[in-house]
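Spelled out from the first residue to the last, the chains are:
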Amino acid sequence: SGVYTNTYTNVVGCDSVATLNLTINSSNTSSDTRTECDSYVWNGVSYTTSGVYDSTLTNAAGCDSVATLNLTINYSTSSSDTRTECDSYVWNGITYTTSGVYASTLINAAGCDSVHTLNLTIKNSTTGSSLVTACDSYTLDSVYWYTSSGTYTNTYTNVAGCDSVHTLNLTIN
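Note that the coordinates shown come from a computational prediction; the quantities given were computed from them, not determined experimentally.

Concerning the side chain of N154
Argument step 1. Turning to its location among the elements, N154 is positioned in strand β16 (residues 150-157).
Argument step 2. Residue classification places N154 among the buried positions, given a relative accessible area of 6%.
Argument step 3. A polar atom in the side chain of N154 sits 3.1 Å from the side chain of Y146.
Argument step 4. Setting aside chain neighbours within four positions, we find N154 in contact with L140, Y144, Y146, S164, V165 and H166.

This is the structure:
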């Protein structure tokens, strides 16, 4: 920028002075390096892949202003697990006793969300008891043969595939 003068000879042989008042405005450049998860919005544009992106704007002086974005996009992950359990299930340190869909959000190796979904079905164990009086001996389910009075506990599998605990209160006369 500055004031510059030049002297010329005009057509009639006299001096002709030309003065130039010159202002030079500068262009700007800038760069930004970002690491984001899944996407990043820059200058109104959503980016979902890593790369180097340029945007040319007009600065306050009316000149080009070139901005460069060095972008790294890391990605979130997700997974699911379907489980059927009896009575309860421990997942991520929490004991669940009710069927349902449960989600847990952790951070993956890339520093982004890792959402894990558990589809859980809880089936229940059952219990039952019998009070029986018999002479000399008692046979239960053609498997168990008892000859003395007492309380006996047997474990079976119920229709849900879980334990069914039966308590026999037996008196032998």
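Section: the sheet that holds strand β7 (residues 64-74)
Argument step 1. A sheet is described by the order of its strands in space; here 3 strands give the open sequence β3-β7-β6, paired in mixed fashion. Each edge of the open sheet is held by one strand with a lone partner, namely β3 (28-37) and β6 (51-58). Strand-to-strand, the axes of this sheet are offset by a mean angle of 20°, without reference to chain direction.
Argument step 2. Examined bridge by bridge, β3 and β7 share 10 bridges and lie parallel to one another. Across the sheet, R34 pairs through a bridge with L71, a residue of β7.

Some remarks on the pairing of strand β11 (residues 100-107)
Argument step 1. Pairing of β11 with strand β12 (residues 113-123), which is carried by 8 bridges, proceeds in the antiparallel orientation. Note that in β12 the partner of V101 across the bridge is N119.

Let's talk about the nonpolar core
Argument step 1. In terms of nonpolar packing, the biggest core is built from 8 residues, these being Y40, W42, Y47, Y53, A67, L69, L71 and I73.
Argument step 2. Secondary-structure elements contributing two or more residues to this core are β4 (40-42) and β7.
Argument step 3. It is β7 that provides the largest number of residues to this core, a total of 4 residues.
Argument step 4. With sequence-adjacent residues up to four places away left out, Y40 is seen in contact with D32, R34, V45, S46, Y47, L69, L71 and I73.
Argument step 5. Among the nonpolar cores identified, the runner-up in size contains 7 residues, and V132, A134, L140 and I172 belong to it.

Quick notes on the rules
Residues numbered from 1 in each chain as written. Predicted model: local features only at pLDDT ≥ 70, side-chain atom pairs only at ≥ 80, totals over all residues. Heavy atoms only, no water. Helix = DSSP H or I, 4+ residues; strand = E, 2+ residues; numbered from the N terminus. Buried < 20%, exposed > 50% of the residue type's maximum accessible area, 1.4 Å probe, protein only. Polar contact = N/O pair within 3.5 Å; in protein donor to acceptor, adjacent residues only side chain to side chain. Contact = heavy atoms within 4.5 Å. Pairing = 2+ DSSP bridges. Axes fitted to C-alpha atoms, helices over the stretch in contact; angles between N-to-C directions. Core = buried A, V, L, I, M, F, W, Y, C linked by side-chain atoms within 4.5 Å.

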